[in-house]
Number of protein chains: 2
Amino acid sequence: MIKSFVVAASWAVILVAGASAAEADDDTALLKDAQAAFQPLPKDFATAACSVTPERVELGRKLFFDPRVSVDGTVSCSRCHLAGLQGTDGLTKSHGAHDKVLPRNAPTVFNTAAQFKQHWRGDFANVEAQAKEALIGPGFGNPSFAAAMAKLTAIPGYPEQFEAAFPNQATPVNEGNYATAVGAYERTLVSRSPFDDYLTGKLDAISPAERRGLRVFLDTGCADCHRGVGIGGASFEKFGVVEDYAAHTGSKPVDKGRVDVTKQPDDMYVFKVPPLRNVALSAPYFHDGSVASLTAAIRIMAKVQLGDDLTDQQTNDIAAFLRCLSGSVPKDFAEAPMLPPAAFYASPTGS
Amino acid sequence: MIKSFVVAASWAVILVAGASAAEADDDTALLKDAQAAFQPLPKDFATAACSVTPERVELGRKLFFDPRVSVDGTVSCSRCHLAGLQGTDGLTKSHGAHDKVLPRNAPTVFNTAAQFKQHWRGDFANVEAQAKEALIGPGFGNPSFAAAMAKLTAIPGYPEQFEAAFPNQATPVNEGNYATAVGAYERTLVSRSPFDDYLTGKLDAISPAERRGLRVFLDTGCADCHRGVGIGGASFEKFGVVEDYAAHTGSKPVDKGRVDVTKQPDDMYVFKVPPLRNVALSAPYFHDGSVASLTAAIRIMAKVQLGDDLTDQQTNDIAAFLRCLSGSVPKDFAEAPMLPPAAFYASPTGS
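Residues numbered from 1 in each chain as written. Chains lettered and ligands numbered in written order. Predicted model: local features only at pLDDT ≥ 70, side-chain atom pairs only at ≥ 80, totals over all residues. Heavy atoms only, no water.

Further remarks concern unusual backbone geometry. The amide bond that connects A:Ala283 to the next residue, A:Pro284, takes the cis arrangement and shows omega of 0°. One can find A:Pro284 in the loop between strand E2 (270-272) and helix H11 (294-306). A positive phi angle is found at B:Gln86, which is not glycine, with a value near 60°. Mapping B:Gln86 onto the fold places it in the loop between helix H3 (77-80) and helix H4 (127-134). We classify B:Gln86 as buried; its relative accessible area is 7%. Despite not being glycine, B:Phe286 shows a phi value in the positive range, around 75°. Position of B:Phe286 among the secondary structure elements: in the loop between strand E2 (270-272) and helix H12 (294-306). B:Phe286 sits in the buried class, given a relative accessible area of 11%. (Helix = DSSP H or I, 4+ residues; strand = E, 2+ residues; numbered from the N terminus. Buried < 20%, exposed > 50% of the residue type's maximum accessible area, 1.4 Å probe, protein only.)

With respect to the secondary-structure elements, A:Cys50 resides in the loop between helix H1 (2-37) and helix H2 (54-65). Among the residues examined, A:Cys50 registers a relative accessible area of 15% and is labelled buried.

Taken residue by residue, the interface counts 46 residues in chain A and 47 residues in chain B. Carbon and sulfur atoms supply 60% of the area buried between chain A and chain B, which totals about 3400 Å² over both sides. Our enumeration of links across chain A and chain B arrives at zero salt bridges. It is H11(A) that contributes the most residues to the side of chain A that touches chain B, four residues altogether. (Contact = heavy atoms within 4.5 Å. Buried area = accessible area lost by both parts, 1.4 Å probe. Salt bridge = Lys/Arg side-chain N within 4 Å of Asp/Glu carboxyl O.)

Positionally, A:Pro253 belongs in the loop between helix H9 (246-249) and helix H10 (259-262). C-alpha separation for the pair A:Pro253 and A:Asp288, spaced 35 residues apart in sequence, amounts to 9.2 Å.

Our focus in this paragraph is the pattern of salt bridges. Charged atoms that come close allow side chains of opposite charge to pair. Residues and elements named next belong to chain A. Per the stated rule, a full pass over the model turns up 32 salt bridges over all chains. We note a salt bridge from Arg-215 to Asp-33, for which the minimum N-O separation is 3.0 Å. Separated by 182 residues along the polypeptide, Arg-215 in helix H8 (residues 208-220) and Asp-33 in helix H1 bring together distant segments of the chain. A relative accessible area of 35% places Asp-33 in the partly exposed class. In this structure, Glu-335 engages Lys-331 in a salt bridge whose closest nitrogen and oxygen atoms are separated by 3.3 Å. A relative accessible area of 30% means that Glu-335 is categorised as partly exposed. Judged by its relative accessible area of 60%, Lys-331 falls in the exposed class. Salt bridges sharing common partners tie together Asp-33, Arg-215 and Asp-219.

Have a look at this one:
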């Protein structure tokens, strides 16, 4: 009796040890697969061409939050990218100057500079190009760059800060420098998540449920497109490879995507693959905000891109994984910068 | 020769000492006059009826920054009261939901709860009444309180936070509690200035130029109306006692003020005396933002209220004094609170 108990106990130890060894193998393989598909965030998104000097970041941060540069004084970058809503605005589609409803959903500005292009259709090469063109687009609504720059020039303090950030230029307040400064700031908006710790080798940085979801995400084929440092944001793909997307999202009107930019028939329904960092905190989903639920968005993607009908278990596993991509709000984003006060107040001569 | 030098030197000492004694008398008298007209800020604006419990302040802070309660999802209290612009929006008149231009200029929310009434015409008894009615006014644009509360109820997290702030109520998410919570938060928005230190007896907390301006402010009669803890915000007065205001401000249309609220002929052109705290950082000026320059506003006020033509020196002295009323931005205002994320994302069943 005692002997058989010992034998049984030994078997149990062996079984547990065997299971642990297999689990450890699985964990190691999973990390290896993840590291092949994804990369952790860098400390910032500076490049050789786009440096993040302190003067430019400080100026860009102010400009990001200042609505006075828009045609009606109501729109800043922060109008669509609120700190409290994880760098989004929570709207289906954003509203610009004069309350114009913009054509697509505002993605989070966190980690956005990690992408190969900006905007859903990849209209802009980088954050600088986006920031510049926004000045005269429907968001800010200015009739010209000159009109926008005249507004900034009239605010005491800005010309001096442009001069400090862009020394030895004849006219430092210009749209190119505006774009460089806002871009420099955006290149500092790194929102690091538990998944970054995991990717650097800390296996327990994400939970067993999240690791299970990661395995499903990889095996289902999601990571074929949603890959790289942004978990997406690195390529264009047709939305609706297997089935028309709008039949599942209920989108009205049906956005044709990149074809409207390139006029190439192959670009019909082609969009930038959106990065999935912070996705669990940035509903509603898709280019037009047509789907409110993360799990519904997961099911639709599997169906129209891969032809898969996910089970509830698979869907919830993937959702669990996506939640571990939720990162912290950058400190210099949560805290609003103090802007140069309204013009005129310091006029010493009284008119 | 040596003796006469000593005598002369002694005289000089006596003269200097005499001047200092007179200056000290002046300084003491000025402080006494100031303390008779003004009071320093309290640590918060809680009252027996309006307490500032931590749960209510925390909830109210989130609600203050959350645009999802408005009819189009674009308007929160912070739409018109930006941290970077000293609790104002820098606009002549604010814009509400659907880009509706509101009838009057948005004053700073800092120290606003110090006032005897809210809004330029005193429409609202206190910050709570203002916050409540704003929900169904042109700012937030909701068709009803029920519609606004339905939006909050649908956001996971808010019902629980209302319950925590207002325990043991059948339906804690209601417009009365919304108003109490936002009001509780606003009652904590104290923006203390160097002038508060001066009023508590620190003579050198403000500069000699600012003290000279204080003397002019008192002697000219400004403090007859702009008095108390808010340096105004304690009474109604006719705008244009001596001359029509609009001839000087260029206002179009000419706002009739409180008469439109009370229907009493005596209230023609009557407005709440605005508090002057942070005035130097909150251009443009007057109920309609019709004047951009602080010094121009000072001249106009002296002319139309008192019949005085101020000299440049008097104008600049008063402006110097007003600048020492500029206070710090409350920490819990500069830093945006994290809001409950968009609805639905956590739905476990996938639709």
